[in-house]
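# Fold and geometry: a report
Each chain, written out:
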Amino acid sequence: MRPPKLIQPYVVSFAAQIVGAGAALRYLPCAPLQGALQNERFAVVDAQVRQHGGRAQYGWAIWERPGVYIEAEFHAVWCNSAGQWIDIAPRAMQGPPILFLPDPCRTYQGRQVNNVRKVLTRDEDVEQLFAVLDRMFMLANEAELN
């Protein structure tokens with residue numbers, strides 16, 4: 001998975017489905033903190049805010065398998081005191097800047113949020129994959145959801 005290389009109309013449409021019209025997509029620099037836990041974006045950003053000020057900005061990291069599907073992952077980035085948004089959470093595969101969609105209505109409530117996915121091509125296998133991923137999410141988070 002990678003961020004979309006360009007903000008094409010299908011990306012804008014997908015973003016609008018998540019946060020509404022006028023979605024403000026932007027590419028953000030990645031500067032993972034040394035020694036921070038991988039894939040613990042909310043804890044990493046909270047610790048950075050406590051140590052260095054600024055604030056957390058919640059939203060969605062947008063990824064795609066070009067021509068197959070697009071996916072939004074609930075995410076947090078650090079907004080420093082100068083107002084710059086930076087993705088500071090380490091991940092297994094560091095790459096180019098992320099495509100970030102701020103969500104003005106959602107905050108982290110200590111619970112996992114399932115990814116939002118959209119098929120870019122009619123393919124029964126991709127739709128089955130989505131069903132499996134949704135089921136895995138439900139099973140992994142069953143205790144939290146009850």
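Here we summarise the structure given alongside this text. Source: prediction; values computed, not measured.

## Things to note about helix α2 (residues 41–52)
Over its twelve residues, α2 runs 16 Å from end to end, which matches the ideal 16 Å to within 8%, given 1.5 Å per residue. Among the residues of α2, those classed as buried are Arg41, Phe42, Val44, Val45 and Gln48. Axial view of α2: buried residues confined to an arc of 165 degrees, hence all on one face. Turned more than 90 degrees from where α2 packs its buried face, Arg50 and Gln51 sit exposed. Against β2 (55–65) and β3 (69–79) lie the buried residues of α2. Backbone geometry just downstream of α2 places Gly53 in the positive-phi region, at approximately 80 degrees.

## Comments concerning the pattern of salt bridges
When charged atoms on two side chains of opposite charge get close, those side chains can pair. Overall, the coordinates contain six salt bridges when judged by the stated rule. One salt bridge in this structure joins Glu64 and Arg2, with 3.5 Å as the shortest N-O distance. With Glu64 in strand β2 and Arg2 in the segment before α1 (9–19), this pair connects stretches of sequence that are 62 residues apart. The class for Glu64 is buried, based on a relative accessible area of 3%. By relative accessible area, which is 27% here, Arg2 ends up partly exposed. Residue Glu127 is joined to Arg122 by a salt bridge in which the shortest nitrogen-to-oxygen separation is 2.4 Å. Sharing partners across several salt bridges, the network here consists of Glu71, Arg117 and Asp134.

## A look at the pairing of strand β5 (residues 98–102)
By the criterion of burial, β5 is predominantly enclosed, with five of the five residues buried. With burial as the criterion, each face of β5 is covered, one bearing Ile98, Phe100 and Pro102 and the other bearing Leu99 and Leu101. As defined by bridge partners, β2 adjoins β5 across four bridges and the pair is classed as antiparallel. Opposite Trp60, over in β5, you have Leu101 as the bridge partner.

## Considerations on the side chain of Asp103
Within the secondary structure, Asp103 is located in the loop between β5 and β6 (116–119). With a relative accessible area of 8%, Asp103 lands in the buried category. A distance of 2.9 Å separates the side chain of Asp103 from the side chain of Trp60, its partner in a polar contact. Here Cys105 takes part through its backbone nitrogen, which lies 3.0 Å from a polar atom of the side chain of Asp103. If sequence neighbours within four positions are ignored, Asp103 has contacts with Val19, Gln57, Tyr58, Gly59 and Trp60.

## Structural notes on the pairing of β3
Within β3, eleven of the eleven residues are buried, which leaves the element mostly enclosed by the surrounding structure. Where burial is concerned, the two faces of β3 agree: the one with Tyr69, Glu71, Glu73, His75, Val77 and Cys79 and the one with Ile70, Ala72, Phe74, Ala76 and Trp78 are both buried. As paired strands, β2 and β3 are joined by eleven bridges and run antiparallel to one another. When the sheet's bridge partners are listed, Trp60 is paired in β3 with Phe74. A loop of three residues connects β2 with β3, the two strands running antiparallel in sequence, and Gly67 in this loop sits at a positive phi of about 75 degrees. Where β3 meets β6, four bridges bridge the pair, whose relative direction is antiparallel. By the bridge assignment, Ile70 is partnered in β6 with Lys118. Bridge analysis of β3 against strand β4 (residues 85–86) gives two bridges, and the strand direction is antiparallel. The residue of β4 that forms the bridge with Cys79 is Trp85.

Each value, and the rule that gives it
- Residues numbered from 1 in each chain as written.
- Predicted model: local features only at pLDDT ≥ 70, side-chain atom pairs only at ≥ 80, totals over all residues.
- Heavy atoms only, no water.
- Helix = DSSP H or I, 4+ residues; strand = E, 2+ residues; numbered from the N terminus.
- Expected span 1.5 Å × (residues − 1).
- Buried < 20%, exposed > 50% of the residue type's maximum accessible area, 1.4 Å probe, protein only.
- Arc of directions from axis to C-beta.
- Contact = heavy atoms within 4.5 Å.
- Salt bridge = Lys/Arg side-chain N within 4 Å of Asp/Glu carboxyl O.
- Pairing = 2+ DSSP bridges.
- Polar contact = N/O pair within 3.5 Å; in protein donor to acceptor, adjacent residues only side chain to side chain.

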